[in-house]
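# Breakdown of the fold
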Amino acid sequence: MKTMELHLTVNGKSLNWSISPGELLLDVLRRQGYFGVKRGCEKGECGACAILLDGKPINSCLMFAAQAEGRQILTIEGVADGGKLDPLQEAFLDHGAVQCGFCTGGMVLSAKALLDRRSDPSEEEVREALAGHLCRCTGYRKPVDAVLAAASRRKNRARRMKVAGEVAR
Amino acid sequence: MFDKVEAFYRPANVREALRLLQSGKGQARVVAGGTDVVVEGDDSVRFLIDITHAGLSYIRQRRAAWVIGATTTMAELEESELIHALAGGLLSRVARWCGSALVRNLATLGGNMANGSPAADMATPLLVLDAAVVMLDARGRRKLPLAEYLAGARTKRYSKSLLVEVVVPEPPDGKGCRWSFQKLGRTAVDISLVNVAAGLQLDFRGRVKWARIALGAVAPTPMRAAGAEQRMTGRVLDQALLAEIGAEVAREVSPISDARASAEYRREICSVLTRRALEECSAHAECSL
Ligand SMILES: Cc1cc2nc3c(=O)[nH]c(=O)nc-3n(C[C@H](O)[C@H](O)[C@H](O)COP(=O)(O)OP(=O)(O)OC[C@H]3O[C@@H](n4cnc5c(N)ncnc54)[C@H](O)[C@@H]3O)c2cc1C
Ligand code: FES
Ligand code: FES
């Protein structure tokens, strides 16, 4: 089978992989050990395979791997800061928004992309951002609550840091 | 799937993309977002041509027209200030209906048209806006009405052509001109069971001066309801006329039954959504029904 080189950045690491030209991004990421990228419906319906491509959420099952040449990818493995969970991940745990966890990685990534763009989203905007993710366990109330809580936690932290900065000065 | 693919190309301009497409002997496939190509999973494809580096991602105003490059994504249409300023932001609103946020970051306008699906959501608002497409083939560039293009998009007629851009002429102006898009799907992110776009301009007495109605997923291609449009023109849009137009539209469509809905149901929904679309247009036109 024919192969080609793929250069890309995954979770901050610059990589160089050998792929077949017709392979899907989902298959390549899993082969490379990113098992947080889940294989669900494989046709764009469930969101389990979601990743951030240059900061934007997409379904990795809907893309050829070769389309990712030169791009930045963030998978759920790259969201925590070493051993320290992202506030969004904390919020999902606190709100009981995780059961089997199959949908969780994708949901956290879509939520992260939303909060990076809109620090104070409405519930409507959160629902809209999560609309591409199916969950068979918790339902949607708890993930939505978790994202809203994480947004206000992030905001409070930003405010505290600003105040602390002003005090230090 | 796609085991036979031998090469993946990323041409840097449309000429090169066209050359690759033509040398592919029918076994080359254009990839824009990939959302339709991948799901279709055509096993015979041997060459993939990613056109997203060919300089076709743009939204411009050129003279009195809006020009949208083929690889512009749905997400870009949602956000664009220029598109917000066209027909009350109709195309931005419709782009938001094209699948989930995840899909819309990949899906392109050109792919939506070129795929030739009768349910392609962007087709009906573009038909209502009298859009044209610019195609490129061995003989050069050619502009043709969107309706004509859509009629051939599912056939092999354009298999050696590239869709370069979509051109939307300045819509009729005047305060009376309003727009609506109505879609019924199983869920908020599903493809349309039926979708309807409408554009309406009323004169100062509330009579219909100009009307456009287009329907999707109810015929082999997205279609204009020309009979209904004609029937409305020059008449006051009241409840009786709305009922008449609803019935006329149901006669003009030719829906099929499939896994999503029966033909009878689709026909009924055509009437309902057309009435809703016209009601929305006229409500905004501040003309009481
Ligand atoms: C989960 C899911 C939900 C969806 N929901 C919707 C929806 O609600 N509404 C809707 O309308 N669609 C929907 N779609 C369909 C699809 O996302 C859209 O049709 C999309 O706009 C296709 O664009 P693309 O760039 O991904 O096309 P691609 O898959 O890249 O291409 C589609 C076809 O067009 C050809 N092509 C693409 N660009 C060109 C060009 N410039 N010139 C010549 N040929 C070209 C390709 O060769 C291919 O045959 C959905 C798809 C999925 C998977
Ligand atoms: S596996 Fe990609 S959306 Fe379901
Ligand atoms: S937690 Fe199990 S699918 Fe969502």
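Since we're looking at a predicted model, the values are computed, not measured.

This part covers the overall build of chain A. Each helix and strand in chain A was counted, giving five helices and five strands. The helix and strand sequence of chain A, counted from the amino end, reads β-β-α-β-β-β-α-α-α-α. Its C-alpha radius of gyration of 17 Å places chain A within 12% of the 15 Å reference for a compact globule of 169 residues. Seen through its principal axes, chain A has C-alpha atoms that stretch 60 × 40 × 25 Å. Counting over 169 residues, chain A shows a buried share of 47%. Considering only residue pairs separated by 6 or more positions, chain A has 53% of its internal contacts joining residues 24 or more positions apart. Total accessible area computed for chain A in this model is approximately 8,300 Å², and 50% of it derives from carbon and sulfur atoms. In chain A, 25 positive and 20 negative side-chain charges are present, and the distance between their average locations comes to 3 Å.

Here the focus is the site of ligand 1. Residue and element names in this part refer to chain B. Around ligand 1 sit 35 residues, and of these Val-30, Gly-33, Thr-35, Asp-36 and Thr-108 come closest. The backbone of Trp-97 places a nitrogen or oxygen atom 3.2 Å from an oxygen atom of ligand 1. Between an oxygen atom of ligand 1 and a main-chain N or O atom of Asp-190, the distance comes to 3.5 Å. Considered on its own, ligand 1 offers 990 Å² of accessible surface; in the complex 92% of this is hidden by protein. Contributing elements (two or more residues each) for the shell around ligand 1: β2 (28–31), α2 (35–40), α7 (109–114) and β8 (162–169). Here the shell around ligand 1 is built from residues that sort into 19 nonpolar, 10 polar and six charged.

Once that is clear, we can look at the pairing of strand β5 (residues 65–69) of chain B. Residue and element names in this part refer to chain B. Taken across its five residues, β5 has five buried, putting it largely inside the fold. Side chains of β5 alternate between two faces, with Ala-65, Val-67 and Gly-69 and Trp-66 and Ile-68 buried alike. When strand β4 (residues 59–62) meets β5, the two strands line up antiparallel, connected through four bridges. Paired with Ile-59 across the bridge in β5 is Ile-68. Turn length for the β4-β5 hairpin, with the two strands adjacent in sequence and antiparallel, is two residues, and the turn residue Arg-63 shows positive phi of about 45°.

Residues and elements named next belong to chain B. With respect to the secondary-structure elements, Asn-13 resides in the loop between β1 (7–9) and α1 (14–23). What makes Asn-13 partly exposed here is its relative accessible area of 36%. For the pair Asn-13 and Leu-56, spaced 43 residues apart in sequence, the C-alpha to C-alpha distance is 8.5 Å. A polar contact is formed between the side chain of Asn-13 and the backbone nitrogen of Glu-16, at a distance of 2.8 Å.

Bringing the sheet that holds β8(B) into the picture now. Pairing between the strands of a sheet is mediated by backbone hydrogen bonds and can be parallel or antiparallel. Residues and elements named next belong to chain B. In space, the five strands of this open sheet follow the order β4-β5-β8-β6-β7, with antiparallel pairing throughout. Where the open sheet ends on each side, the last strands, each with one partner, are β4 and β7 (140–145). On average, each strand axis in the sheet is tilted by 25° relative to the strand beside it, whichever way the strands run. As paired strands, β5 and β8 are joined by five bridges and run antiparallel to one another. Bridge pairing in β8 places Ala-65 opposite Pro-169. Across the sheet, α1 lies against β6 (132–137) and β8, angled at about 65° from β6, the strand it touches most. Relative to the sheet, helix α9 (residues 146–153) contacts β6, β7 and β8, its axis offset from that of β7 by approximately 100°.

Another point: the domain arrangement of chain B. All names here are of chain B. Domain annotation for chain B reports domain 1 (2–50), domain 2 (59–169) and domain 3 (177–288). Listed per partner, the contact involves 13 residues of domain 1 and 14 residues of domain 2. Together domain 1 and domain 2 conceal approximately 1,100 Å² of surface at their shared face, both sides included; 67% is due to carbon and sulfur atoms. At the junction of domain 1 and domain 2, the tally comes to two residue pairs in polar contact (both at pLDDT 80 or more). Contributing elements (two or more residues each) for the side of domain 1 that touches domain 2: α1 and α2. At six residues, α1 tops the list of elements feeding residues into the side of domain 1 that touches domain 2.

A few words now on the pairing of strand β3 (residues 47–50) of chain B. All names here are of chain B. Of the two faces of β3, the one carrying Phe-47 and Ile-49 and the one carrying Leu-48 and Asp-50 are both buried. Both β1 and β3 contribute to a ladder of three bridges, which runs parallel. The residue bridging Tyr-9 from the neighbouring strand is Ile-49, located in β3. Bridge count between β2 and β3: four bridges; the pairing is parallel. Bridged to Val-30 within β3 is Ile-49. With α2 bridging β2 and its parallel neighbour β3, the resulting β-α-β unit is right-handed.

Counting from both sides, the interface comprises 27 residues of chain B and, opposite them, 26 residues of chain A. With both chains or domains summed, chain B and chain A bury close to 2,200 Å², and 64% of this area falls on carbon and sulfur atoms. In this assembly, chain B and chain A are joined by three salt bridges. Among the salt bridges present, the one from A:Glu128 reaches B:Arg104, with a minimum N-O distance of 2.6 Å. In this assembly, chain B and chain A are joined by five residue pairs in polar contact (both at pLDDT 80 or more). Every element with two or more residues in the side of chain B that touches chain A is listed here: β1, α2, β3 and α6 (101–104) of chain B. Here the side of chain B that touches chain A is built from residues that sort into 16 nonpolar, five polar and six charged.

Definitions and limits used
- Residues numbered from 1 in each chain as written.
- Chains lettered and ligands numbered in written order.
- Predicted model: local features only at pLDDT ≥ 70, side-chain atom pairs only at ≥ 80, totals over all residues.
- Heavy atoms only, no water.
- Helix = DSSP H or I, 4+ residues; strand = E, 2+ residues; numbered from the N terminus.
- Rg over C-alpha atoms; globule rule 2.2 N^0.38 Å.
- Buried < 20%, exposed > 50% of the residue type's maximum accessible area, 1.4 Å probe, protein only.
- Contact = heavy atoms within 4.5 Å.
- Areas by Shrake-Rupley, 256 points an atom, 1.4 Å probe, with all protein chains shown as cover.
- Lys, Arg positive; Asp, Glu negative; His and termini not counted.
- Charge placed at Lys NZ, Arg CZ, Asp CG, Glu CD.
- Near = heavy atom within 4 Å.
- Polar contact = N/O pair within 3.5 Å; in protein donor to acceptor, adjacent residues only side chain to side chain.
- Nonpolar A, V, L, I, M, F, W, Y, C, P; charged D, E, K, R; others polar.
- Pairing = 2+ DSSP bridges.
- Axes fitted to C-alpha atoms, helices over the stretch in contact; angles between N-to-C directions.
- Domains from an automatic or database assignment.
- Buried area = accessible area lost by both parts, 1.4 Å probe.
- Right-handed = clockwise from strand over helix to strand, strands pointing away.
- Salt bridge = Lys/Arg side-chain N within 4 Å of Asp/Glu carboxyl O.

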